[in-house]
Amino acid sequence: MPSAIPHDRLPLAFGGDYNPEQWPQEVWEEDVRLMREAGVTLVSLGIFAWARIEPRPGEYDFEWLDRIIGMLHEAGINVDLATPTVVPPAWFYRAHPEALPVTREGVRMGFGSRGAICHSNPHYRAAAAEITSRLGERYGRHPAVVLWHVHNEYGAPVLTCYCDTCEVAFRGWLQDRYGTLGALNQAWGTAFWGQLYGDWEEIGVPRATPTVVNPAQQLDFQRFADGQARANFTAERDILHHLSPGVPVTTNFMAAPSQCQSIDYWAWAREVDLVTNDHYLITDGRRTHVNLALAADLTRSLAGGDPWLLLEHSPSGVNWQPHNPAKEPGQMARNSLGHVARGSEGAMFFQWRQSRSGAEKFHSSMLPHGGTGTRVWREVVELGGRLADLTDLRGTRTRADVAMVWSWESWWAQSLEWRPSADLDARERLDSFYEALYDRHLTVDFFAPDALSALDPARYPLLVVPQLYSAPASVTADLERYVSRGGTLLVSFFSGIVDEHDTVHLGAYPGALRDVLGLTVEEFDPLLPGESVTLRTAQGDVYTADLWSEYVVPGDGCETVAVFADGRTAGRPALTRRALGDGAAWYLATRLTGGDLAAVVDLALADAGITPADLPRDVELVVREGESGTYRFAVNHTDAEVKVVLPDGSRAAVAAGAVEVFREPR
Ligand code: GAL
């Protein structure tokens, strides 16, 4: 199986989604000329082109695609060729309206948008396999095709379908998973609210109900839906492996939790030949470059630390948020090179030429409506030049400083109804802890909770668990091993509470983490909106917390570092540290944000022996290293010049808003 785009053959990827089918052929000549001018090396082609390739059932028009692939090849531009299976043509839905997904409320969606797919539908599956085979047969050995782009962003805009076909498939999936109805009843806790099943046919998809649906049923349905889409991906991938030997197959992820919740990317990452990601800046009040860094670190972690590729980001504003600011001068390069610093083998955009019609005409593009006389175009050309100069870094790996746990499954579980507080938010905790580490200029590698057995404290002296509501029982032994061998563990509240069926780990909270933390939590006591509590350390430091408090009972050897100084839990431990073997396990029993959270993270960093770089806030220092040397990326998001200290002790200037890459040959 191919593992990635071969390094020796290609420059860093630079380009974007290219939709020539939206334009008359005269424009294509200009496109290719301008792509060369900008230094474009790769384009993603044909993502939404099924109706153009197969205008009527079984009638194919490849002439236009032959022509544009030929033109690109002649110009030395490589192709990331898509299977267009995210939008089957109108004729397909006319013949198979039942391939349109059905909502929880029983409403069948309509055609006229994109991504309207019931992933269990046999007609869709057959048609997707057929068009993939046709493309694989025709272009599988074309020298321009260096990557296959299956579908587009599985999981968006809709993943789950509640139709009858899905219901039957769901029952089959459950039979495979549980074997017997007894095991299913046990796992789902159906004794509660009288939901016991006596026949497989009685089990349904979690349609609209009077009140909360069984949480274990909801979780299994989410896993099932994710698995149906993944099966469709692997079916297309296998066809392409057969017809296009040696060419890697990918599908573009949206790994940042700010972009997609419905896909378990740990599972998907095992299926792609090259991990690729799309990332867009979200205007949610947080610093967008911090979320970008998180997305890139998480994507690299999905790739197991190997190089990956940013397949989409925006040259300037997007058009699908309520308010869509343009990027400032220089911000695009900071974004693009920020991804490269964290392991991307290039920077690709949505999209090459700004559309004239359709839903995305106000989304920025590399070549804007205003043409080449625009700031965006000038910055695109400049970025192309910078990436060309960095070609040698292909294959180098980003060096991470600390480890963090993230689980989509736990996020799904925690997001279900009727938790102790409706304001619990695993994503917010992830963002906040990540931000505290980012502000210390540290690079993070993420791990799934079932991948901690080999975590080496010498490589990752600090492991942060921002919120892991649902944790496999294996974390108990894995974390004990990590800490006793010298690791520093920092766990935040509402972690280790339930197993994968949303069933509580018994014997006092936080079940799976109780032993390693050396404490128990007798009772949760969430705070009301607007309520806050004060924490006080023995040294007299004071922090302000909100959202959560709880009754912590420290065990032997568990030291109280800070107490709740007021509120209903006054006098109880709020921050603890337990020395275990050569390491220590910290527990934070409430929600701290901003500088207060940073202060606690600093305590854990000091305990772990990590000394952060002495740099202003909003200056990133990220290192890629490998055979061709060491590349030190300094990304200055501030509006003042900064000086970074290089390994030889010299100080190098990085201008306001600039990115510098300091290279040391090996
Ligand atoms: C992505 C999608 C692209 C385009 C882009 C706009 O999610 O894959 O096709 O819609 O968003 O930001």
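Up top you'll find the structure we're talking about.
All residue numbers here refer to positions counted from 1 along the written sequence of the relevant chain. Per-residue local features of the predicted model are confined to residues with pLDDT of at least 70, and side-chain atom pairs are confined, for both listing and counting, to 80 or more; whole-chain, interface and lining totals are unaffected and use all residues. Only heavy atoms go into the side-chain values, all of them from the structure, while hydrogens and water stay out.

Caption draft 1: Quick peek at the overall build of the protein. Per the convention used, a helix needs a DSSP run of H or I reaching at least four residues, while a strand needs a run of E reaching at least two, with both numbered from the N terminus. When helices and strands are counted, the protein shows 17 helices and 26 strands. With respect to the three principal axes, the spread of C-alpha positions in the protein is 75 × 75 × 40 Å. Type-normalised accessible area, obtained with a 1.4 Å probe on protein chains alone, sets the label of each residue: buried when under 20%, exposed when over 50%, and partly exposed for intermediate values. Relative to its 666 residues, the protein shows a buried fraction of 62%. Here a residue-residue contact requires only that any non-hydrogen atoms of the pair lie within 4.5 Å. By sequence separation, contacts in the protein at least 24 residues apart represent 73% of the contacts at least 6 residues apart. Reported accessibility uses the Shrake-Rupley method at a 1.4 Å probe radius. Residues are deemed covered only where the shown protein chains occlude them. Within the structure as shown, the protein displays about 25200 Å² of accessible surface, and the carbon and sulfur contribution to it stands at 49%. A distance of 3 Å separates the average location of the 57 positive side-chain charges in the protein from that of its 87 negative side-chain charges. Just so you know, the count uses Lys and Arg for positive and Asp and Glu for negative, and it drops His and the chain ends. Lys charges are placed at NZ, Arg charges at CZ, Asp charges at CG and Glu charges at CD.

Caption draft 2: Spotlight on a nonpolar patch on the surface. The patches described consist of residues with a relative accessible area above 30% and no salt bridge, like charges being joined within 9 Å and nonpolar side chains (Val, Leu, Ile, Met, Phe, Trp, Tyr) within 5 Å. By convention in these notes, a salt bridge is any Lys or Arg side-chain nitrogen within 4 Å of a carboxyl oxygen on Asp or Glu. On the surface, a nonpolar cluster with roughly 430 Å² of combined accessible area is contributed by Phe192, Trp193 and Trp418. Tracing the backbone through its elements, the reader meets Trp418 in the loop between helix H13 (408-414) and helix H14 (426-438).

Caption draft 3: Examining the sheet that holds strand E26 (residues 659-664) more closely. Only strands that DSSP links by at least two bridges are regarded as paired with each other. If you trace the 4 strands from one edge of the open sheet to the other, you get E10-E22-E23-E26, paired in antiparallel fashion. A strand with exactly one partner marks an edge of an open sheet, and here the two such strands are strand E10 (397-398) and E26. In the packing of helix H11 (residues 331-341) onto the sheet, the strands contacted are E10, strand E22 (619-626), strand E23 (629-636) and E26, and the crossing angle to E23 comes to about 145°. Think of each axis as a best-fit line through the C-alpha atoms, taken over the contacting stretch in the case of a helix, with angles from 0 to 180 degrees between the N-to-C directions.

Caption draft 4: Quick look at unusual backbone geometry. For the bond from Ala156 to Pro157, the omega torsion is -5°, close enough to zero to count as cis. Mapped onto the secondary structure, Pro157 falls in the loop between strand E4 (145-150) and helix H6 (164-178). Between Phe350 and the following residue, Gln351, the backbone shows a cis peptide bond with an omega angle of -10°. Relative to the assigned elements, Gln351 resides in the loop between strand E9 (344-349) and helix H12 (375-389).

Caption draft 5: Quick look at the packing of aromatic side chains. Ring pairs shown here join Phe, Tyr and Trp side chains whose ring centres sit within 6.5 Å, with only the six-membered ring taken for Trp; geometry is labelled stacked below 30 degrees between planes, edge-to-face above 60, and tilted in between. Per the stated rule, a full pass over the model turns up 36 aromatic pairs. With centroids separated by 6.2 Å and ring planes inclined at 75°, the aromatic side chains of Trp173 and Phe224 adopt a geometry described as edge-to-face. Taken as a pair, Trp173 in helix H6 and Phe224 in helix H8 (residues 215-243) lie far apart in primary sequence, 51 residues in all. Phe224 gets classed as buried once you look at its relative accessible area, which sits at 1%. Aromatic side chains Phe447 and Tyr460 sit 5.2 Å apart centroid to centroid with 80° between the ring planes, which places their arrangement in the edge-to-face category. Here the residue Phe447 occupies a position in strand E12 (residues 444-447), and Tyr460 occupies one in the loop between E12 and strand E13 (462-465), the gap between them amounting to 13 residues. Overall, Phe447 belongs to the buried group, its relative accessible area being 18%. Tyr460 gets classed as buried once you look at its relative accessible area, which sits at 9%. Grouping aromatic residues by their ring pairs yields a cluster made of Tyr162, Phe170, Trp173, Trp188, Tyr197, Phe221 and Phe224.

Caption draft 6: Fine view of the side chain of Gln351. Judged by relative accessible area, Gln351 falls into the buried class, the value being 1%. For Gln351, the side chain forms a polar contact with the main-chain oxygen of Arg353, separated by 3.2 Å. Excluding anything up to four places from it in sequence, Gln351 contacts Asp17, Asn19, Ser364, Ser365 and Met366. Counting of polar contacts relies on pairs of N or O atoms within 3.5 Å, with two restrictions inside protein: one atom must be capable of donating a hydrogen and the other of accepting it, and residues adjacent in sequence are counted only when both atoms are side-chain atoms.

Caption draft 7: Geometry of the packing of H11 against H12. Viewed as axis vectors pointing N to C, H11 and H12 meet at an angle of 25°, and their least axial separation amounts to 10 Å. Considering their axes alone, H11 and H12 lie roughly parallel with respect to each other. Where H11 crosses over H12, the two elements pack in a sense that is right-handed. For the pair H11 and H12, contact is made by Met332, Ala333, Ser336, Leu337 and Val340 and by Glu379, Val380, Leu383, Arg386 and Leu387, respectively. When residue character is reported, Ala, Val, Leu, Ile, Met, Phe, Trp, Tyr, Cys and Pro are called nonpolar, Asp, Glu, Lys and Arg charged, and the others, Gly included, polar. For the contact of H11 with H12, the class distribution of residues is 7 nonpolar, 1 polar and 2 charged. In these notes the angle categories are as follows: under 35 degrees is roughly parallel, over 145 is roughly antiparallel, 65 to 115 is roughly perpendicular, and the rest is oblique. Left-handed describes a crossing in which the near helix is turned anticlockwise from the far one by less than a right angle; the clockwise case is right-handed.

Caption draft 8: Structural view of the environment of Leu575. Its location among the elements puts Leu575 in strand E20 (residues 573-580). Sequence separation between Leu575 and Phe564 is 11 residues, and the spatial gap between their C-alpha atoms is 8.7 Å. Setting aside chain neighbours within four positions, we find Leu575 in contact with Glu559, Thr560, Val561, Ala562, Trp586, Tyr587, Leu588, Val600 and Leu603.

Caption draft 9: Main features of the state of the cysteines. Any two cysteine sulfur atoms within 2.5 Å of one another count as a disulfide. If you walk through the whole model with that rule in mind, you get 0 disulfides. We note that Cys260 lacks a disulfide partner, and the nearest cysteine sulfur, in Cys161, lies 17 Å from it.

Caption draft 10: Quick peek at the pairing of strand E1 (residues 13-18). Summarising burial for E1: 6 of the 6 residues are buried, a large majority. Alignment of E1 against E9, held across 4 bridges, turns out to be parallel. The partner of Gly16 across the bridge, within E9, is Phe349. Pairing of E1 with strand E2 (residues 42-45) involves 4 bridges; the strand directions are parallel. Bridge pairing links Gly16 to Val43 in E2. Each parallel crossover has a hand, and for E1 linked through helix H1 (residues 25-38) to E2 it is right-handed. Here, the term right-handed applies to a crossover whose path from the first strand over the helix to the second runs clockwise when the strands point away from the viewer.

Caption draft 11: Summary view of H14. By this rule, a helix spans an expected 1.5 Å times one less than how many residues it contains. Here H14 is 13 residues long and its end C-alpha atoms lie 18 Å apart, about the 18 Å a rise of 1.5 Å per residue gives. Residues of H14 that are buried include every one of Ala426, Glu428, Arg429, Leu430, Asp431, Ser432, Phe433, Tyr434, Glu435, Ala436, Leu437 and Tyr438, and no others. The N-cap residue of H14 is Asp425: its side-chain oxygen and the backbone nitrogen of Arg427 are 3.1 Å apart.

Just geometry here; none of it tells us what the structure is for.
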